[in-house]
Each structure stands twice: as C-alpha cells, then as structure tokens.
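Coordinate inspection notes
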Amino acid sequence: MSTTITPDALTPPRLVVTTGGRPVPGSRAPGWLQTADFLRSPTSFLERNRRRYGDIFSAKLHGLATGRMVMVADPKLIEEVFKADPYMLKAGEAAYTTIAPIGGPNSLLVLDAPEHLEDRRLLLPPLHGERLRAYADVIAEETDRSVATWPIGKPFPMRRPMADITLDVIMRAVFGLERGGRYDALRQALVDSTSGETAISLGLMVPAFRRDLGPFRAWSEFEAAVARTDALLYAEIADRRKADDLEQRPDILSMLILARRKNGTPMTDHELRDELVTLLLAGHETTATGLSWTMELLYRHPAVLAKLRASVAAGDEEYLDAVIHEALRVRPVIPFVFRVLTRPIQLGGYALDAGVTVVPAVHLVHRREELYPQSAEFRPERFLGRSPGTYEWLPFGGGTRRCIGASFALMEMRVVLQRVLAQTMLEPAGKRPEKTRRRAFTLVPARGAMTIRRR
Ligand code: HEM
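All of these numbers come straight from a predicted model, not from anything done at the bench.

What follows is about the overall build of the protein. A count of helical and extended segments in the protein gives 16 helices and twelve strands. Its C-alpha radius of gyration of 22 Å places the protein within 12% of the 23 Å reference for a compact globule of 455 residues. Here the C-alpha coordinates of the protein stretch approximately 65 × 55 × 50 Å along the principal axes. Of all intrachain contacts in the protein linking residues separated by at least 6 positions in sequence, the fraction that spans at least 24 positions is 72%. With an accessible surface of roughly 20200 Å², the protein has 56% of that area assigned to carbon and sulfur atoms.

Right, dumping it as structure tokens:
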C-alpha cells in the first residue's frame, strides 16, 4: 500500500497527541464549550481554529465520533488519510448510533472493513457509467412535473421543490416503480420517518431520548413510520424476487438482487432493505441542498446567471459544470468527514493514538487561497478548462468511503438546472445573501433559498 501513514509498529512516534510528548496544537477550552461553539457554526469554528493553530489542530467535541478530534486542512495530509489502509480507519462504527435506527445494521454507512468494502463493491455498479444515463430522462421528467406547479409572483423556498424532485428521482432509480399504489405509500412513509423533527434528531444523536416525552409522541410516530416503510419495502423485495425480467430492469433493486459477493452469496432481504433505505436517505436531501445553494448563489450573481442561461440555451455544458463545481466548493453540503483510528499513526509529524478521530476539513481545504484565490467568492470561471484536484475539491469526501452517489448527484444537478433554467425566470425573494444554517451534519441555506418566479 503506497501511503506515508504508517502503523506505529513500523515507525516509532515522534510526537504524541494525547499521551505525553508535544500535543497537536488546539484550544484548551472545555469540551462542552468547544462543542457548543462547533454546533453553533461549524464553519466559523473550523476557520477560527485554523487561523490560530494552523493546518492540523486538535478539538474536543462531545457526541461526534470519539470526541478526540484532529482536524486536517492540508490536502497532502488528507491524501495520506484517504489512501491509508481501510482497516486502520473506521467511519461506520462511529455513525452507528445515529444511522442504525433508520438505516439498519447493514447500512453501508455503518459498516467498516472488511464488510464495508464487500458491500461497496455491490452498490457501485448501478450508480456508474451507462446505468447513469438511463436515469437522465427520469430526472428531466420529475423536474418538469415540479416546475409546472411552482407559483408565479409568490415567494417560496426553493429547497422544498428540490427535495421533492430528488426524492422522486432516487425512488424511481432505486425501485423502478411508477407513481400510485405502493410507490405513494412508500414515499409518504419515508417522508414521515425523515421529517427531521427536533425530538427525532435528538433521539438519533442521544439514545436516552429515544422515547416519547410526556404528551409528545414524536419518537413512537417515528418508529411507526419506519415500521410502515419496512413493511412496504419487504413486500416490494418479495415481489421483485419473483420477477422473471430482472436482467433487463434498469433499477437498482433488481441489480442488487442479482449481485453476488466474491464468495458467491447474494444479499439477504434485511441487507437489501438497509441498503435501499441508505441510498434513499443519503441520496436525496444532500442533492436537494446542493441544488438550493447553487440557485441561491446564482441569484446573487446575475452576470453568472445570465451567462449560464445563454450557455445552457446553446446546449453547452462546460459552464454549467463549472457552476456546479464552484457551488459545491464554496458551499459544501457536508463541511467535514471523519475517520476513527484503529491503530496509532503518524500524520504531519505528529503521532496520533488509536481512538483519535481524524477529520479531513473539507470546508477549510475549499477556502485555501493558494488553491482558490479570493476563495470566499463564487467564481465558476476558476473551473473552466480545469478539473478540480482529487484532494483539493472534496464535497464528496474521499478514499474508500468517497460518496458512491457522486456521479449520480452531479448528473442530477446538471439535468435539474438545465430544465429549470430553460423554463423559468427566477429571482431571490430577499435582498441579502442567505446565511448558512446547520441541519444535523449538513449546511443548508438558512431560509431555504427563498425564490420568486416571474412570468
Ligand atoms: C450533492 C449531493 C451529495 C453530496 C454533497 C454527498 C456527500 C457525501 C459525503 C461527504 C459522504 C461521506 C464521504 C466520506 O466519508 O469520505 C457521502 C457518502 C455517501 N453517499 Fe453521498 N452525497 C451526495 C449525493 C449522494 C447520492 C445521490 C447518493 C446515492 C445515490 C449518495 C450515497 C452515499 C452513500 C451510500 C455514502 C456512504 C459511502 C460509504 O460509506 O462507502 N450520496 N456522501
């Protein structure tokens, strides 16, 4: 394995993060204070600490992975982390508490090596190459259907229709179902189980809150919605197993039923259920947020919007791609990813203990001035004639856990924007650019990208 991260047994530690030696620099404030600061605004927290301590700094954050964090803003060090032996880095175990109540114990998001690598190999093919092109028509159709219902002259948060479009797209791609009957029931059950009420978010993060609080029945309603989703999913899986045209069907469920592990075993019903829910969860809100930020940034840069309209009308996709890359750079939906060390390692001249959580700080990499001059500005031109560097542009994370839906998401954003721009005249509904608001681990436009459609 070509990595400069080396297990401690091979290279004795020079500096130690938590036990003796010179620690990784970082705030000495109590953990609860750092956590509160981080939750209030992850991006300000990251920027301030980087200014004070440099490209690698420590932090104590309660409730996030192991809490003993080492944040990394240097692409070279992040490359080392992403290229390291997957057995040395876990992400699944730390995500288990939050994800398992809905994604289940077999979700790709909660697995670690070796099971993680095995299942990833099964999930990747339906989301790549030729398969992707088959979904473009579905995306265009869902966008047109939604645009036809947008009000004229009345403000609305763009995030709402975007979330509807991306949910329908991922449901149709995953199941290959048409509207009506089981599709509608499943869609409703999914919306009910992910509506993100505060009480549910709290319960997902802190198991002690997984109960009804007095007269508030949010948690049992959540459990009932998950049970409804499961019943519908298992019924669909059972029906699909009986289909005799699985080989011809372009949907992800049919492909996963046919997929085999290296040892020849197929996925069980429970495994299928968990991976389907994972794709639906991971694939819809994220893309809707990426699209909402893109629209919000376009509203604030009328010259870019005009140039984009003209290029889309001329059938050119180069500028459109640059706009999408730049939007995901300046407003990454997920501002950091994390890996928990299973063994001590050397990184950037420090020896980090097992149990430390290494955090590639996506937001900080995207704001490096030497890579992106005037990095806080939205300037799609910087991506014209230039592909983003693998470790310099990280909206989809990296390494063996890089988002498996990245190609799908980029294609979806491209088609949605093309269709929307071709059919609508949109303006921002407020004078000021929208601030960033944290929603679980994602950063969303604070007011949902308020929009007015003109005739
Ligand atoms: C703009 C849209 C999206 C963004 C910004 C995004 C971002 C991410 C990020 C940052 C990760 C973690 C990567 C890491 O830890 O290194 C991730 C993982 C993942 N994403 Fe996405 N994602 C998007 C869309 C999608 C879509 C459309 C799908 C499914 C079709 C999807 C499925 C997944 C899955 C299953 C994982 C877990 C991968 C693993 O653990 O191996 N995502 N995504």
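Back to the write-up after that little detour.
Turning to the site of the ligand, a few remarks are in order. Around the ligand, the surrounding shell holds 26 residues, and the nearest of these are His116, Arg120, Arg339, Gly398 and Cys403. For the ligand, an oxygen atom lies 2.7 Å from a polar atom in the side chain of Arg120. Interatomic distance of 3.0 Å between a backbone N/O atom of Gly398 and an oxygen atom of the ligand. It is helix H12 (residues 269–299) that contributes the most residues to the shell around the ligand, five residues altogether. Its residues assigned to classes, the shell around the ligand shows 14 nonpolar, nine polar and three charged.

Another point: the sheet that holds strand S3 (residues 89–90). Picture the strands of a sheet paired through backbone hydrogen bonds; they go either parallel or antiparallel. Taken together, five strands build an open sheet; the order of strands is S1-S2-S8-S5-S3 and the sheet is mixed. Across the chains shown, the open sheet's two edge strands, defined by having one partner strand only, are strand S1 (56–60) and S3. Lying over the sheet, helix H2 (residues 42–53) contacts S1 and strand S2 (68–72), oriented at roughly 125° with respect to S1.

To continue, consider the side chain of Arg273. Position of Arg273 among the secondary structure elements: in helix H12. Every residue in contact with Arg273, bar those within four places of it in the chain, is listed here: Ile102, Gly103, Gly104, Val226, Asp230, Leu233, Tyr234 and Ile237.

Once that is clear, we can look at the packing of aromatic side chains. Per the stated rule, a full pass over the model turns up seven aromatic pairs. Taken together, Phe38, Phe45 and Phe336 form an aromatic cluster joined through their ring pairs. Positioned over the ring face of Tyr372 is Arg329, at 4.8 Å from the centre of the ring. Taking NZ or CZ as reference, Arg331 lies 5.1 Å from the ring centre of Trp293, over its face.

Another point: the coordination of the iron atom of the ligand. Looking at the iron atom of the ligand, one finds just one donor atom contributed by the protein, Cys403 (SG), at 2.3 Å. Tracing the sequence through the fold places Cys403 in the loop between helix H15 (362–366) and helix H16 (406–423).

Taken across its five residues, S1 has four buried, putting it largely inside the fold. Relative to S2, S1 runs antiparallel, the two sharing five bridges. In the sheet register, Lys60 faces S2, and the bridge partner there is Arg68.

Taking 1.5 Å per residue, 18 residues should reach 26 Å; H16 reaches 26 Å between its end C-alpha atoms and fits that length. Within H16 the residues assigned to the buried category are Ala406, Phe408, Ala409, Leu410, Met411, Glu412, Met413, Val415, Val416, Leu417, Val420 and Leu421. As for H16, its buried residues are in contact with helix H6 (130–147), helix H7 (159–175), H12, helix H13 (302–313), helix H14 (318–330) and strand S9 (425–428).

Conventions adopted
Residues numbered from 1 in each chain as written. Predicted model: local features only at pLDDT ≥ 70, side-chain atom pairs only at ≥ 80, totals over all residues. Heavy atoms only, no water. Helix = DSSP H or I, 4+ residues; strand = E, 2+ residues; numbered from the N terminus. Rg over C-alpha atoms; globule rule 2.2 N^0.38 Å. Contact = heavy atoms within 4.5 Å. Areas by Shrake-Rupley, 256 points an atom, 1.4 Å probe, with all protein chains shown as cover. Near = heavy atom within 4 Å. Polar contact = N/O pair within 3.5 Å; in protein donor to acceptor, adjacent residues only side chain to side chain. Nonpolar A, V, L, I, M, F, W, Y, C, P; charged D, E, K, R; others polar. Pairing = 2+ DSSP bridges. Axes fitted to C-alpha atoms, helices over the stretch in contact; angles between N-to-C directions. Phe/Tyr/Trp six-rings, centres within 6.5 Å; stacked < 30°, edge-to-face > 60°. Lys NZ or Arg CZ within 6 Å of the ring centre and 35° of its normal. Donors = N, O, S within 2.8 Å, 3.2 Å for Na, K, Ca; no water. Buried < 20%, exposed > 50% of the residue type's maximum accessible area, 1.4 Å probe, protein only. Expected span 1.5 Å × (residues − 1).

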